[in-house]
Amino acid sequence: MLNYIIVFLTIFILIFIIILFCLFHKNLIKENLYLIIPPIFIGLWAIYALVSWDFDPQMNDFSIFYESGRQIFINPANLYEVRGFRYMPSFALFFAVTVSLIPYEIAYYVFFIINYVLGIFSIREFNKILVFMDSKEKVHRFIFLLIISNGYFVYYQFYFNQSKYLTFVILLFILRRELQYRIEERPKEFDFYVLNYGLIVFAIGMAPYFVFFLLIYVFQDISLKNVFNRENKRKYLILILWFFIQNFLFIIYPFQIFSFIDGFNRPSRRPNYFKLIYLREWLELSPSEIRNYAIVFSIALFVISLILMFNDKLMIEEKFGYFAIAYIFIGIFSYSFLLGLILYSLVLLLYVPHLNENVHGIEFFKSNKIVIIGISSIVVIFFSWSTFFIYDYIPGLKEYPLIIFYYLRWIFLLSIMMYSLLLLKFNKVNIKRVKNKDLI
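Residues numbered from 1 in each chain as written. Predicted model: local features only at pLDDT ≥ 70, side-chain atom pairs only at ≥ 80, totals over all residues. Heavy atoms only, no water.

**A closer look at the overall build of the protein chain**
- Counting secondary structure elements, the protein chain contains 23 helices and zero strands.
- By residue count, 49% of the 440 residues in the protein chain fall in the buried class.
- Partitioning the intrachain contacts of the protein chain with sequence separation of at least 6 by distance along the chain shows that 74% fall at a separation of at least 24.
- Surface accessibility of the protein chain: about 22,300 Å² in total, with carbon and sulfur atoms responsible for 68%. (Helix = DSSP H or I, 4+ residues; strand = E, 2+ residues; numbered from the N terminus. Buried < 20%, exposed > 50% of the residue type's maximum accessible area, 1.4 Å probe, protein only. Contact = heavy atoms within 4.5 Å. Areas by Shrake-Rupley, 256 points an atom, 1.4 Å probe, with all protein chains shown as cover.)

Dropping the structure here:
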């Protein structure tokens, strides 16, 4: 009964605040309607998640975060004995000083609301990034915002009361600051690196498998010949200090480092946790095979990171987008629908520079058909992660030989996404060549 009261009281307060805001800020709402609608959709998916588990706090991912925070006060030496905890100590410390201080039933809803607020911030930060990427039309930005505020990627953040929205907002905030400083041609001072490095270290603490994003980010504007110059050594020092400040438990209890590293072996202990999305229904691997594949793919991701790190022709948003694609294809946790919100949102940014906003009506669709096809494939992925929604309504299609199309769905959708990006990149290269010839 208490759960229902908390939920409905929260919804009532939110509706009351929205009504008051609407009454006193009519013009502001009219101008920013495209920023108001996406959070409403996030809210609807959040309510859908509440209904899915009958408004009863579940012992799911949030319970791991909550218990890790409690463990800090009970016995921090046994942090990695908390079942399912495979993050850095900084994450547990964050929970220890926040929601883990209150009873579980209340804490669950507090973090649920925090997730919704973070969802709103993700919309605002993504919109700012689009503006800095020179997307002028609100209606076009609205389309991108509508995509990242819908689908099962959003639903599962609330169903499991996960922490990925916090990781997502941090990455978007860092990207937005980078673009803002670049557009405004502002020099990056000491405080810029202190804030951004501190945030990205914390984000990696919540999502250790994204450590390659950290490497790409730190070395994104450093040339190979200047890797060890004095200014860059200063940056590395900031990064190292932030790591040990946030994870000082590694210093107090060095054996925890091995427990943390052992968390990367989870796919080999639970085979169903290592199925590349496009091979989910095709591939069955033994624990030893999973371990071997994980090592090979991790090395491949590191090599891709190195290539992106020192490629001075790519902007940071492009580097993040291309690495997101690489992780989707060969990341050892790429199966996770919880990571999809971050990965595919970063991929969406790769389409923005190719969007022709100077035409309208039917000409807009003709001029942007490749972009529209590529984005559409991502939309379908957003809405069909846990299953292919067509089969929910026509289960008979799951019988042989039509079942083959079900197995091929991810290969088909990802192929469209990749093919569209390759075409756009190829066309852009050709346009540059033509311009260069004209100049000659």
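**Focus on the nonpolar core**
- One finds Phe 210 and Tyr 327 to be the most contacted residues of the largest nonpolar core, which totals 130 residues.
- Here the element with the most residues in this core is helix H6 (residues 104-132); it accounts for twelve residues. (Core = buried A, V, L, I, M, F, W, Y, C linked by side-chain atoms within 4.5 Å.)

**Topic: a nonpolar patch on the surface**
- Taken together, the side chains of Leu 224, Ile 295, Ile 299, Phe 302, Val 303, Leu 306, Ile 307 and Phe 310 present a nonpolar region at the surface, about 720 Å² in accessible area.
- If you trace the backbone, Ile 299 turns up in helix H16 (residues 287-309). (Patch = residues over 30% accessible without salt bridge, like charges linked within 9 Å, V, L, I, M, F, W, Y side chains within 5 Å. Salt bridge = Lys/Arg side-chain N within 4 Å of Asp/Glu carboxyl O.)

**Overview of the packing of helix H3 (residues 33-52) against H6**
- Where H3 contacts H6, the two axes come as close as 10 Å, and the packing angle between them is 150°. In this view, H3 runs roughly antiparallel relative to H6, as classed from their interaxial angle. By crossing handedness, the relation of H3 to H6 is classed as right-handed. Facing Tyr 34, Leu 35, Pro 38, Pro 39, Ile 40, Ile 42, Gly 43, Ala 46 and Leu 50 of H3, the residues of H6 in contact are Tyr 109, Phe 112, Tyr 116, Gly 119, Ile 120, Ile 123, Arg 124 and Asn 127.
- Considering only residue class, the contact of H3 with H6 consists of 13 nonpolar, three polar and one charged. (Axes fitted to C-alpha atoms, helices over the stretch in contact; angles between N-to-C directions. Parallel < 35°, antiparallel > 145°, perpendicular 65-115°, else oblique. Left-handed = near helix turned anticlockwise from the far one by under 90°. Nonpolar A, V, L, I, M, F, W, Y, C, P; charged D, E, K, R; others polar.)

**Concerning the pattern of salt bridges**
- Scanning all chains against the criterion turns up nine salt bridges.
- A salt bridge links Arg 176 to Glu 125, with the shortest nitrogen-to-oxygen separation between them at 2.9 Å. Of this pair, Arg 176 sits in helix H9 (residues 164-183) while Glu 125 sits in helix H6; the two residues are 51 residues apart in sequence, bridging distant segments of the chain. Like Glu 125, Arg 176 is buried.
- Two residues, Glu 317 and Arg 182, come together in a salt bridge whose shortest N-O distance is 2.9 Å. Highlighted residues: Glu 317 in helix H17 (residues 316-330) and Arg 182 in helix H9, separated in sequence by 135 residues.
- The exposure class assigned to Arg 182 is partly exposed, which follows from its relative accessible area of 32%.
- The structure contains a network of salt bridges with shared partners spanning Glu 178, Lys 188, Asp 221 and Lys 235.

**Structural notes on the packing of aromatic side chains**
- This structure, assessed with the given rule, holds 52 aromatic pairs.
- Taking 5.0 Å as the distance between ring centres and 80° as the angle between the ring planes, the aromatic pair formed by Tyr 159 and Phe 160 counts as edge-to-face.
- In this structure Tyr 159 comes out as partly exposed when scored by relative accessible area, which is 25%.
- The aromatic ring of Tyr 181 is capped on one face by Arg 186, whose charged end is 4.1 Å from the ring centroid. (Phe/Tyr/Trp six-rings, centres within 6.5 Å; stacked < 30°, edge-to-face > 60°. Lys NZ or Arg CZ within 6 Å of the ring centre and 35° of its normal.)

**Section: helix H7 (residues 138-148)**
- Residues His 140, Arg 141, Phe 144, Leu 145, Ile 147 and Ile 148 constitute the buried set of H7. Buried residues of H7 fall within an arc of 160° about the axis and therefore sit on the same side. (Arc of directions from axis to C-beta.)

**Examining the environment of Ile 342**
- The topology assignment puts Ile 342 in helix H18 (residues 337-348).
- With 189 residues separating them along the chain, Ile 342 and Phe 153 place their C-alpha atoms 9.0 Å apart.
- Discounting residues that sit within four places of it in the chain, Ile 342 has contacts with Lys 164, Thr 167, Phe 168, Leu 171 and Phe 210.

**Digging into the confidence of the model for the protein chain**
- When pLDDT is averaged along the protein chain, the result is 83; 80% of the residues meet or exceed 70.
- Ignoring residues within four places in sequence, the model shows residues 429-440, a span with pLDDT below 50, making zero contacts including any to other chains. (pLDDT = per-residue confidence, 0-100.)

**Details of unusual backbone geometry**
- A positive phi angle is found at Asp 134, which is not glycine, with a value near 75°.
- Inspection of the secondary structure assignment puts Asp 134 in the loop between H6 and H7.
- A positive phi angle, close to 55°, is found at Glu 185, a residue other than glycine.
- Tracing the backbone shows Glu 185 in the loop between H9 and helix H10 (190-206).
- Overall, Glu 185 belongs to the exposed group, its relative accessible area being 71%.

**Re helix H8 (residues 152-159)**
- Of all eight residues in H8, seven are buried; the element is thus mostly enclosed.
- Buried within H8 are the following residues: Tyr 152, Phe 153, Val 154, Tyr 155, Tyr 156, Gln 157 and Phe 158.
- In the core, the buried residues of H8 are packed alongside H3, H6, H7, H9, H18 and helix H20 (369-383).
- Where H8 ends, the next residue or the one after it, Asn 161, has phi of about 50°, a positive value.

**Thoughts on the packing of helix H11 (residues 211-218) against H17**
- At a minimum axis separation of 10 Å, H11 and H17 run at an interaxial angle of 155°. Between H11 and H17, the interaxial angle falls into the category roughly antiparallel. Two packed elements cross with a definite hand, and for H11 against H17 that hand is right-handed. Residues Phe 212, Phe 213, Ile 216 and Tyr 217 of H11 pack against Ile 316, Lys 319, Phe 320, Phe 323 and Ala 324 of H17.
- Within the contact of H11 with H17, the residues separate by chemical class into eight nonpolar, no polar and one charged.

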